[in-house]
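Coordinate inspection notes
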Amino acid sequence: MKGFEYLQSELDDMKKEGTFRSLVPLESDQGAKVVIKGKEVIQLSSNNYLGLTSHPRLRKAALEAVETYGAGTGSVRTIAGTLTMHQELEEKLATFKHTESALVFQSGFTTNQGVLSSILTKDDVVISDSLNHASIIDGIRLTKAARKVYKHIDMTDLETALKESMDFRVRVIVTDGVFSMDGNVAPLPEIVNLAEKYDAIVMVDDAHASGVLGENGRGTVNHFGLDGRVHIQVGTLSKAVGVLGGYVASTKTLVEYLIHKGRPFLFSTSHPPAVTAACIEAIDVLLEEPELIEKLWDNTRFFKDGLKKLGFDIGKSDTPITPVMVGDEALSHEFSDKLLEYGVFAQGIAFPTVAKGQARVRTIVTAEHTKQELQEALNIFEKAGKELEII
Ligand code: PMP
């Protein structure tokens, strides 16, 4: 069919530059090892930090929910699609995050979009870290609020932006808790101090910190001892929690407001019973099996040390997200392809997900990996890295 030649020419350019990527379908469940093109390889690309996607308790909860409540909900939450289990999950999340209330959205992406687009008007200003996630950027784009972007984790720049913003009705500072491509943690204590000095609201996207940092994985706010001082915590149910969805944990006022004004919440059908039941079980697992988080961090230290000893540049990550810096876009994909050929699935990440010249292979170990698997992965990184002269 004619009509998309202009899109095809852009794709052709990407193929010439070596940045065109095909989807990589898994032929197995998610886990420490996965099957790709009939071959078992070590998985280092998922956000399945604790291995909960395949945890027997989550599988069982999902199956039982399908048996009892069926496959879908047939409506948006505000019409006929709220099940008691949706509210049970929200109560559990609020308790877990030490907040008054919580509200679940269809995904982490739509949570950021829904929250930002609802609470900001033309009378307000939003002040955002330059490396915030795409869903925050898109959420801001949906508002008429004034916007300021401060240099990544630069507190002097943030303070300047706050000083210049005193005439607005509301100032909202928004930051990732853990930055998804570099794995560094936001300087939340400093951000909160500045917010209190300049009377601003703080919103933290803890997609990569929930289940990873803080007591039982409560996230960066708890990790820094800032419970009660951060207005809005966003989390995902799709990464360490292992299922699907996003949520906002905050005050009763904000949650009630979002039920009436949060467009993705209002206009998109609620989560199926299997998803919700598995998420409820996952929170119980976080509370009852803290050894999973200990194992995640133990594996993280082992793998980071191994990569460093081999001479790789692994950036400045403080978390299980470990970028193996390559620089060149095409080389990052070549590296990833070679790793896959030798038995490791670790995706290349290039522009526009990260800045030009900052391409990398991004790795995330999980609690499920054994030390032998991680050592095998390190051996493969060494072999591929030497062949491509990255080390
Ligand atoms: N925020 C951050 C920082 C993320 O990394 C992601 C996932 N890519 C999201 C939000 C979106 O979460 P979800 O995949 O649940 O939509």
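As recorded in an unreviewed UniProt entry, the chain goes by 8-amino-7-ketopelargonate synthase and comes from Metabacillus litoralis. Reading the Pathway (unreviewed entry) entry of the UniProt record for the chain gives the comment "Cofactor biosynthesis; biotin biosynthesis." Listed in UniProt under the heading Sequence similarities (unreviewed entry), the comment for the chain reads: "Belongs to the class-II pyridoxal-phosphate-dependent aminotransferase family. BioF subfamily."

1. Side note on the overall build of the chain
Of the regular secondary structure elements, the chain holds 14 helices and 13 strands. What you see for the chain is a C-alpha radius of gyration of 21 Å, in line with the 21 Å of a compact globule of 391 residues. If you line up the chain on its principal axes, its C-alpha atoms span 55 × 55 × 55 Å. By residue count, 55% of the 391 residues in the chain fall in the buried class. Summing over all exposed atoms, the chain offers an accessible surface of approximately 17500 Å²; the carbon and sulfur share of this is 53%.

2. Brief notes about the pattern of salt bridges
Going through the model one piece at a time under the given rule, you end up with 22 salt bridges. A salt bridge links Glu289 to Arg57, with the shortest nitrogen-to-oxygen separation between them at 3.4 Å. With a gap of 232 residues between them, Glu289 in the loop between helix 11 (273-288) and helix 12 (291-310) and Arg57 in helix 2 (residues 56-69) connect regions that are remote in the sequence. Overall, the relative accessible area of 25% leaves Arg57 in the partly exposed class. Because the salt bridges share partners, they merge into one network encompassing Arg57, Glu281, Glu288 and Glu289.

3. Observations regarding empty space enclosed by the protein
Counted under the stated rule, the structure contains 1 cavity of 30 Å³ or more. Considering only enclosed or pocket space, the largest cavity measures out at about 60 Å³ in volume. Forming the walls of the largest cavity are Arg77, His86, Val104, Phe105, Gln106, Phe265, Ser270 and His271. Among the residues forming the lining of the largest cavity, the class breakdown is 3 nonpolar, 4 polar and 1 charged.

4. Focus on the UniProt feature "modified residue: N6-(pyridoxal phosphate)lysine" (unreviewed entry) in the chain
The positions UniProt marks with the feature "modified residue: N6-(pyridoxal phosphate)lysine" (unreviewed entry) are Lys239. Look at Lys239 and you get buried, because its relative accessible area is 16%. Residues within four places of Lys239 in sequence aside, it is in contact with Asn47, Asn48, Tyr49, Ala207 and His208.

5. Considering the site of the ligand
Neighbouring the ligand are 15 residues; Phe109, Asp205, His208, Ser238 and Lys239 lie closest to it. Between the ligand and Phe109, the relevant distance is 2.9 Å, taken from an oxygen atom to a main-chain nitrogen or oxygen of the residue. Between a nitrogen atom of the ligand and a side-chain N or O atom of His133, the distance comes to 3.2 Å. The fraction of the free accessible surface of the ligand (390 Å²) that becomes covered by protein chains is 82%. If one sorts the elements of the shell around the ligand by residue count, helix 4 (residues 108-119) sits on top with 3 residues.

6. As for a nonpolar patch on the surface
A cluster of nonpolar side chains, Phe4, Tyr6 and Leu7, forms an exposed patch at the surface whose accessible area comes to about 360 Å². Topologically, Leu7 is positioned in helix 1 (residues 5-17).

7. With respect to the UniProt feature "domain: Aminotransferase class I/classII large" (unreviewed entry) in the chain
Those places that UniProt annotates as "domain: Aminotransferase class I/classII large" (unreviewed entry) correspond, in this numbering, to residues 40-379. Across residues 40-379 one finds 43% helix and 17% strand; the C-alpha atoms that close the span lie 16 Å apart.

Thresholds, definitions, all that
Residues numbered from 1 in each chain as written. Predicted model: local features only at pLDDT ≥ 70, side-chain atom pairs only at ≥ 80, totals over all residues. Heavy atoms only, no water. UniProt positions renumbered as here; feature names shortened; annotations may be inferred. Helix = DSSP H or I, 4+ residues; strand = E, 2+ residues; numbered from the N terminus. Rg over C-alpha atoms; globule rule 2.2 N^0.38 Å. Buried < 20%, exposed > 50% of the residue type's maximum accessible area, 1.4 Å probe, protein only. Areas by Shrake-Rupley, 256 points an atom, 1.4 Å probe, with all protein chains shown as cover. Salt bridge = Lys/Arg side-chain N within 4 Å of Asp/Glu carboxyl O. 1 Å grid on protein atoms, 1.4 Å probe; cavity = no way out; pocket = protein on both sides within 12 Å on 5 of 7 lines; lining within 4 Å. Points joined across faces, edges and corners; volume = space filled by probe spheres on them. Nonpolar A, V, L, I, M, F, W, Y, C, P; charged D, E, K, R; others polar. Contact = heavy atoms within 4.5 Å. Near = heavy atom within 4 Å. Polar contact = N/O pair within 3.5 Å; in protein donor to acceptor, adjacent residues only side chain to side chain. Patch = residues over 30% accessible without salt bridge, like charges linked within 9 Å, V, L, I, M, F, W, Y side chains within 5 Å.

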